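Take a look at the letters that make up each chain.
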Amino acid sequence: MNMSAELFGQIDQIMQALKQEKAENEQQLEAFRIRYVGSKNIIKALFGEIKNVENDRKKEFGQRLNELKQAAENRFEELKTLIENAQSGNNKPDIDLTAPAGDLKTGARHPVSIVMQRIIRIFERIGFSVAEEREIEDDWHNFTAMNTPEDHPARDMQDTFYLKDSSNLLLRTHTSSVQARVMTTQKPPIRIIAPGRVYRNETISSRSHCQFHQIEGLYIDKKVSFADLKQTLLYFAREMYGPDTEIRLRPSYFPFTEPSAEMDVYWGLKNEDDYRITKGTGWLEILGCGMVDPQVLLNCGIDPEEYSGFAFGMGIERQAMLQYKITDIRQIFENDLRFLRQFSGII
Ligand code: DAH
């Protein structure tokens, strides 16, 4: 074999070897570098042999060598990238990123959350901000501060879950406890709404549950009047139930407000359902409210001579049930996907 043929053969061999080379770690990569692309690499040595190639094949030899050199450099970059990716955890299994996405099921918001958000937004628009507080409450904030001392008959209005072995800690029976939390820590003017879960020891049925949600409202400032309360509630009712909604306030009793009232909205008697829901009156009870009792202000360290305020509290479940025609309150807490999926897409 002549010299040229042997030198060409060497180029082929190196090219073959190059393609087989692997580097699994940095040492192997470095070995590759030294052998094929470093300052004393084996390809360079072949460049020195060009003088031994027959004249008429010199050009071809030079081209082949350049190709080999380029191939070595490319392979080096390839191996280097593989190792870098493996180190940075990018070495994911093959995924076809161009494949069309499967049937993605987006979640749905819970009807209670939907209605709660709507109510929050309505009050935020007139300057109320959200106050969230604990569900495990003490007796003072839930009852005593709210003018319901021990042995007060009004305690029987709300059957309470006490924590085991405690006569002080309980699951709050209403969000009115947040009133006491806020009034003892903030100075008037106070304008908050407090959404959250409450608990009562009640027999579970299609109409009542031992857990449900309320939104409390509290507004304390100088010279707050019953007219302010009425106007605020009318605004709420019309935002929530439509611009022509009529309301009525019926005298009522709550220990923490004086005077107290319950607000009804006129629902109408258009069909049989309406008769059933409104017990034939056309009116639906939505919330309890009143002027904050001066004793409650005193209990919380606010001077009733200087400040007055109003408060209101409403249940969410009943409003959600009316809106979405849910007939059994238990469905709200069962988390049955067939039920929940019906609300997907509602914001
Ligand atoms: N806390 C009362 C309840 O759970 C609702 C309520 C009535 C809240 C009147 C108030 C209010 O703030 O003024 O039945």
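Because the structure is predicted, anything quoted here is derived from the model rather than measured.

**Side note on the site of the ligand**
Inspection of the region around the ligand gives 16 residues, with H174, S176, R200, Q214 and E216 positioned closest. Here a nitrogen atom of the ligand sits 3.0 Å away from a polar atom, N or O, in the side chain of H174. Here an oxygen atom of the ligand sits 3.1 Å away from a polar atom, N or O, in the side chain of Q179. Considered on its own, the ligand offers 360 Å² of accessible surface; in the complex 91% of this is hidden by protein. Breaking the shell around the ligand down by element, the ones donating at least two residues are helix 7 (176–183), strand 5 (211–221), strand 8 (283–292) and strand 9 (308–315). Looking at the shell around the ligand residue by residue, the class counts come to five nonpolar, nine polar and two charged.

**Thoughts on the side chain of R172**
By the secondary structure assignment, R172 is in the loop between strand 3 (169–171) and helix 7. Within the buried set, R172 has no salt-bridge partner at all; the shortest N-O distance to an opposite charge, 4.7 Å, is to E135. At a separation of 3.2 Å, a polar atom in the side chain of R172 contacts the main-chain carbonyl oxygen of R134. Not counting residues within four places of it along the chain, the set of residues in contact with R172 comprises E133, R134, E135, E137, N142, S177, V178, P195, G196, R197, V198 and Y199.

**Details of the pattern of salt bridges**
For the structure on display, the rule yields 19 salt bridges. Across the pair R248 and D264 runs a salt bridge whose closest N-O atoms are separated by 2.8 Å. Here R248, found in strand 6 (residues 247–254), pairs with D264, found in strand 7 (residues 257–266); they are 16 residues apart in sequence, far enough to count as distant. R248 gets classed as partly exposed once you look at its relative accessible area, which sits at 32%. Given a relative accessible area of 2%, D264 falls into the buried group. Through salt bridges that share partners, R248, R250, E262, D264 and E285 make up one connected network.

**Here's the deal with the domain arrangement of the protein**
Entries for the protein in the domain assignment read domain 1 (3–88) and domain 2 (111–343). Measuring from the centre of the C-alpha atoms in domain 1 to the corresponding centre in domain 2 gives 80 Å.

**Topic: the sheet that holds strand 7**
Read across the sheet, seven strands follow the order 1-4-5-9-8-7-6 without closing on themselves; strand pairing throughout is mixed. Looking at the sheet topology across the chains shown, the edges are occupied by strand 1 (129–130) and strand 6. As paired strands, strand 4 (residues 190–199) and strand 5 are joined by 10 bridges and run antiparallel to one another. Counterpart to Y199 in the pairing with strand 5 is Q211.

The rules behind each value
Residues numbered from 1 in each chain as written. Predicted model: local features only at pLDDT ≥ 70, side-chain atom pairs only at ≥ 80, totals over all residues. Heavy atoms only, no water. Near = heavy atom within 4 Å. Polar contact = N/O pair within 3.5 Å; in protein donor to acceptor, adjacent residues only side chain to side chain. Areas by Shrake-Rupley, 256 points an atom, 1.4 Å probe, with all protein chains shown as cover. Helix = DSSP H or I, 4+ residues; strand = E, 2+ residues; numbered from the N terminus. Nonpolar A, V, L, I, M, F, W, Y, C, P; charged D, E, K, R; others polar. Buried < 20%, exposed > 50% of the residue type's maximum accessible area, 1.4 Å probe, protein only. Lys, Arg positive; Asp, Glu negative; His and termini not counted. Salt bridge = Lys/Arg side-chain N within 4 Å of Asp/Glu carboxyl O. Contact = heavy atoms within 4.5 Å. Domains from an automatic or database assignment. Pairing = 2+ DSSP bridges.

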